[in-house]
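One-letter residues, chain by chain:
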Amino acid sequence: MITFKGRIGLFIPCYIDQFYPQVGIATLELLEKLGLDVAYPFRQTCCGQPMANSGCEEDARKVYQKFVANFSSFDYVVSPSGSCVYHVRKHYNILEQTEDVKKVRQNTFELCEFLLDVLNVDDLGIHFPHKVGIHQSCHGLRGLKLGTGSELVFEKQSKVHKLLSKAKGLEIINLDREDECCGFGGTFSVFQPDISVKMGKDRIADHQKNGAEYITATDTSCLMHLEGIIRRNNKPLKTIHIAEILNTWKP
Amino acid sequence: MISHSKAAKIFLQDEPRTDWHDQALWFVRQKRDGAVKQLPEWEKLRETASQIKEATLSNLGSYLEQFEKQAIKNGVQVHWAVDASEFNRCVLEIIQKHKATKVVKSKSMLTEECHLNPYLENAGIEVVDTDLGERIIQFRNEPPSHIVLPAIHLKKEEVGELFHEKLGTNKGASDPAYLTQAARGHLRKKFLQADVALTGVNFAVAETGALVVCTNEGNADMGVNAAKVQIHCMGIEKVIPRTKDLGVFTRMLARSATGQAVTTYTSHYLKPEKGKEMHVIIVDNGRSEILAKPYYRNSLKCIRCGACMNTCPVYRRSGGHSYGYTIPGPIGSILSPNNNLKKYGNLAFASTLCGSCSNVCPVKINIHEQLYNWRQQVAADNLLSPIKSISMKMAAKVLANSRLYQLFGKMARVAVRISPRLLLYNKLNTWGEGRELPIPPNYSFNEWYRINRKQ
Ligand code: SF4
């Protein structure tokens, strides 16, 4: 079915590695089930975004270099995090643009865009009988253009919707605000906790009001924040990374 | 000045009011969406507008000179002001030359920026803001909280109370039509009494010397036509090359600002009426410095539509006053650091970098990217808080070293697992103020992989 050839380096961002290994496992298993040659370089850590978004991209330089060193031997780098992928592509511009740096920046993909744009897989035939609200993580949506931001007057598209719309039993709920930010914002979440939490509460209320059982997203960071608020307030909602839904696929 | 995060915390203490504020502005954003989606060519218009501004900024000096030449030909008196104090003095001199004491003013963010009102009032001049929202906040003696909707932070009941006190409207009356009627009556008198009318400027057309002012209330026209002297105040970035460019911007301004196809009034002022005087003051006040910064110069493309405020999820939930700068919201957060990085650098962090502002901006200013860049500048100038700066340095050390990273990761997971709740959710844990920490798993992905995929 898939004629793709090439070695894939799996990039598992630090907070997924430490706190949400199930998201990494789902991503890995999914790529393996597709018959791809995937490896996880042990020595990887982080893309450097937490420092850079706080203004310290100079401090992050070494972390960037490490990332490039870990992944430059692969044909593709795939990650279940739109935000980190965006960071590598957009902000590794401060490194000297060696062949390795250029290659890594060009070939790092978020999982959904990798499936759709590189593998041309849009229907895995998954079965997920639930009502799902899609949280459009901002860096994926507006940075990687995984979808058309609601501000724009372009033809509407959304990679996440495309991947989930053919799933059996899965009902995508409509939201009042289709792509408002959840308020995570990296270190914003700890340095501006009040607004951050308020934004998260409002997002959750939108999903709840419209009948979602699950909130899914391309970014575990948004989900970690939303899950923290859901648990604090005992809301009847669950969070699930899109890789976990896609990995329910039984070939 | 308190930081944005502290001011936001105070704003958020009244959650129902925060929700009301958020919804009021979201409503404006939705109206904007409806209006722009009626133009299939919207994205092309944005690109065109951005390019016109780009070309103008690249040749700003000559367009300004061309404008000046045309304006003088039309019989307009042209003045230049390098900064706020020169501008204020210039306005006062014109007023005093005519022995005037009463001034009416239509909306102008530039005069807010230069604090013209208090300056004139100190010199014994009465200045009346004639835009309804501006008049409301002038009565309250506070700055605007939004550049297009200056009194958006106030509920109609509060305006009713204020008007009862200031204009003698019925106590408890809050019907907007009734209150507006009262304000009109009050302003009508002021218009008739005024000797001098001040306006802001939306666009200054270089090829004709025309000044274009967009309002919804017609108050610029009322002022200008009734007074003997008209003074138009513009920043140097307001000039556009040709009349035909104007159509691009007037199609975008009102749609972006309020979701109207066009502002109710688009007034073109070309020359003074017989026996009257027309002045224009062209103000720099830091703008040419921004022009000289390649990374930030396109913030000068701004047409002050306010769309980035309406769309900003942080602005909607913290209010315009939380920014502590004349121009609040995303655009204010990239303009203000030019003015004083130490004072306003914290505004670069008043954002999740969601990027909605850049998407909504009719002239395609890369607002969120400039915010990111200002953050780097804040750190480079050693203006980060010590705690942030040290924690980021430490994080970078750990994350540049695989072993250290795995060790710290494990320690964090264990700490979250075994610590008593009271210890974990302490004052330093700002995450935990409103959120639970993630439930730490027994193994990291890295550990799982080593066991399950050992080749
Ligand atoms: S930055 Fe753009 S969106 Fe914001 S006020 Fe200026 S023109 Fe409008």
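Everything quoted here is computed from the prediction, not taken from an experiment. Per chain, the residues get numbers from 1 upward, laid out in the order the sequence is written. Here every chain gets a letter starting at A, and every ligand a number starting at 1, in the order they are written. At least 70 in pLDDT is required for a residue's local features to be given in this predicted model, at least 80 for side-chain atom pairs to be given and counted, and no such filter applies to totals for whole chains, interfaces and linings, which use all residues. To obtain the side-chain values, all non-hydrogen atoms of the structure were used and water was disregarded.

**Student:** It is not clear to me how the overall build of chain A should be interpreted in this structure. Could you clarify?
**Tutor:** When you go through chain A residue by residue, the secondary structure sums to 13 helices and 8 strands. Both definitions apply: the radius of gyration is a C-alpha atom measure, and the globule rule equals 2.2 Å times residues to the power 0.38. Rg of the C-alpha trace for chain A: 18 Å, near the compact-globule value of 18 Å for 251 residues, within the 12% margin. Here the C-alpha coordinates of chain A stretch approximately 50 × 45 × 40 Å along the principal axes. A burial count over chain A gives 67% of its 251 residues as buried. Residue pairs at least 24 apart in sequence account for 76% of intrachain contacts in chain A once pairs closer than 6 positions are excluded. All accessible-area figures derive from a Shrake-Rupley calculation using a 1.4 Å probe, and residue coverage is judged against the displayed protein chains alone. Accessible surface for chain A amounts to roughly 8900 Å². Of this, 49% is attributable to carbon and sulfur atoms. Secondary structure elements are taken from DSSP: a helix is a run of H or I of four residues or more, a strand is a run of E of two residues or more, and numbering for both begins at the N terminus. Three labels apply to residues, based on accessible area from a 1.4 Å probe with only protein chains included: buried if under 20% of the type maximum, exposed if over 50%, partly exposed otherwise in between. The criterion used for residue contact is that any of the two residues' heavy atoms lie within 4.5 Å.

**Student:** Which parts of the structure should I look at to understand the sheet that holds strand E3 (residues 76-79) of chain A?
**Tutor:** All names here are of chain A. Taken in spatial order, the 4 strands line up as E2-E1-E3-E4 in an open sheet, and their pairing is parallel. Each edge of the open sheet carries a strand with a single partner, namely strand E2 (37-39) and strand E4 (108-110). Between one strand axis and the next, the sheet turns by 35° as a mean value, whatever way the strands run. When DSSP locates at least two bridges between a pair of strands, those strands are taken to pair. One ladder, built from 3 bridges, connects strand E1 (residues 7-10) with E3; its direction is parallel. The residue of E3 that forms the bridge with Gly 9 is Val 77. Most of the contacts of helix H6 (residues 99-107) go to E4, to which it runs at about 15°, and overall it touches E3 and E4. An axis is simply a line fitted to the C-alpha atoms; with a helix, the fit covers only the stretch in contact. Between two such axes, the angle follows the N-to-C directions and lies from 0 to 180 degrees.

**Student:** I'm lost on the nonpolar core in this one. Help?
**Tutor:** It is characteristic of soluble globular proteins that their nonpolar side chains tend to be buried jointly. Among the nonpolar cores identified, the biggest contains 193 residues, and Phe114(A), Leu246(A) and Phe67(B) are the most heavily contacted of them. Ignoring anything within four residues of it in the chain, the contact list for Phe67(B) reads Ala204(B), Val205(B), Ala206(B), Gly209(B), Ala210(B), Leu211(B), Met234(B), Val239(B), Val280(B) and Ile282(B). Here, nonpolar core refers to any group of buried Ala, Val, Leu, Ile, Met, Phe, Trp, Tyr and Cys residues whose side-chain atoms link them within 4.5 Å. Ala100(B), Ile125(B), Val196(B) and Cys233(B) belong to the second-largest nonpolar core, a separate cluster that totals 23 residues.

**Student:** Help me understand the side chain of His186(B), please; the structure alone is not making it clear to me.
**Tutor:** Secondary-structure assignment places His186(B) in helix H10 (residues 176-193). Discounting residues that sit within four places of it in the chain, His186(B) has contacts with Arg135(B), Phe139(B) and Leu167(B).

**Student:** How should I be thinking about the pairing of strand E4 (residues 196-199) of chain B in this particular structure?
**Tutor:** Consecutive side chains along a regular strand alternate between the two faces of the sheet. All names here are of chain B. Taking every second residue as pointing to the same face, both faces of E4 are buried, with Val 196 and Leu 198 on one and Ala 197 and Thr 199 on the other. Relative to E4, strand E2 (residues 102-105) runs parallel, the two being bridged by 3 bridges. For Lys 105, the partnering residue across the bridge sits in E4 and is Leu 198.

**Student:** I tried to follow helix H2 (residues 21-33) of chain A on my own but got confused; where do I start?
**Tutor:** Side chains three or four residues apart in an α-helix point the same way, a direct result of the helix having 3.6 residues per turn. All names here are of chain A. Spanning 13 residues, H2 covers 18 Å between terminal C-alpha atoms, matching the ideal 18 Å at 1.5 Å per step. Those residues of H2 not exposed but buried are Pro 21, Val 23, Gly 24, Ile 25, Ala 26, Thr 27, Leu 28, Leu 30 and Leu 31. Gly 35, located one to two residues past H2, shows a positive phi value of around 80°. One less than the number of residues in a helix, times 1.5 Å, gives the span that helix is expected to have.

**Student:** Just checking my understanding: could you explain the sheet that holds E2(B) for this structure?
**Tutor:** All names here are of chain B. Spatial ordering of the open sheet is given by E1-E10-E7-E4-E2-E3, a layout of 6 strands whose pairing is parallel. Each edge of the open sheet is held by one strand with a lone partner, namely strand E1 (77-81) and strand E3 (126-129). Neighbour-to-neighbour, the strand axes of this sheet turn through a mean angle of 20°, independent of strand direction. Running at roughly 150° to E1, helix H4 (residues 60-73) makes contact with E1, strand E7 (229-235) and strand E10 (277-283) of the sheet.

**Student:** Just to check I follow, could you spell out the site of the ligand for this structure?
**Tutor:** We define proximity as follows: a residue is near a molecule or strand when any one of its heavy atoms falls within 4 Å of that partner. Every residue close to the ligand is listed here: Cys302(B), Ile303(B), Arg304(B), Cys305(B), Gly306(B), Cys308(B), Ile331(B), Cys361(B), Pro362(B), Val363(B), Ile365(B) and Ile367(B). A breakdown of the residues in the shell around the ligand according to their chemical character gives 10 nonpolar, 1 polar and 1 charged. Three classes are used: nonpolar for Ala, Val, Leu, Ile, Met, Phe, Trp, Tyr, Cys and Pro, charged for Asp, Glu, Lys and Arg, and polar for all others, with Gly counted as polar.

**Student:** Would you take a moment to explain a nonpolar patch on the surface for this structure?
**Tutor:** All names here are of chain B. Patch membership requires more than 30% relative accessible area and the absence of a salt bridge. Residues of like charge join within 9 Å; the nonpolar side chains Val, Leu, Ile, Met, Phe, Trp and Tyr join within 5 Å. The salt bridge criterion pairs a side-chain nitrogen of Lys or Arg with a carboxyl oxygen of Asp or Glu, the two atoms within 4 Å. Together, Leu 404, Leu 407, Phe 408 and Met 411 line one region of the surface with nonpolar side chains, adding up to about 350 Å² of accessible area. Tracing the chain through its elements places Phe 408 in helix H21 (residues 402-418). Assessed through its relative accessible area of 39%, Phe 408 is described here as partly exposed.

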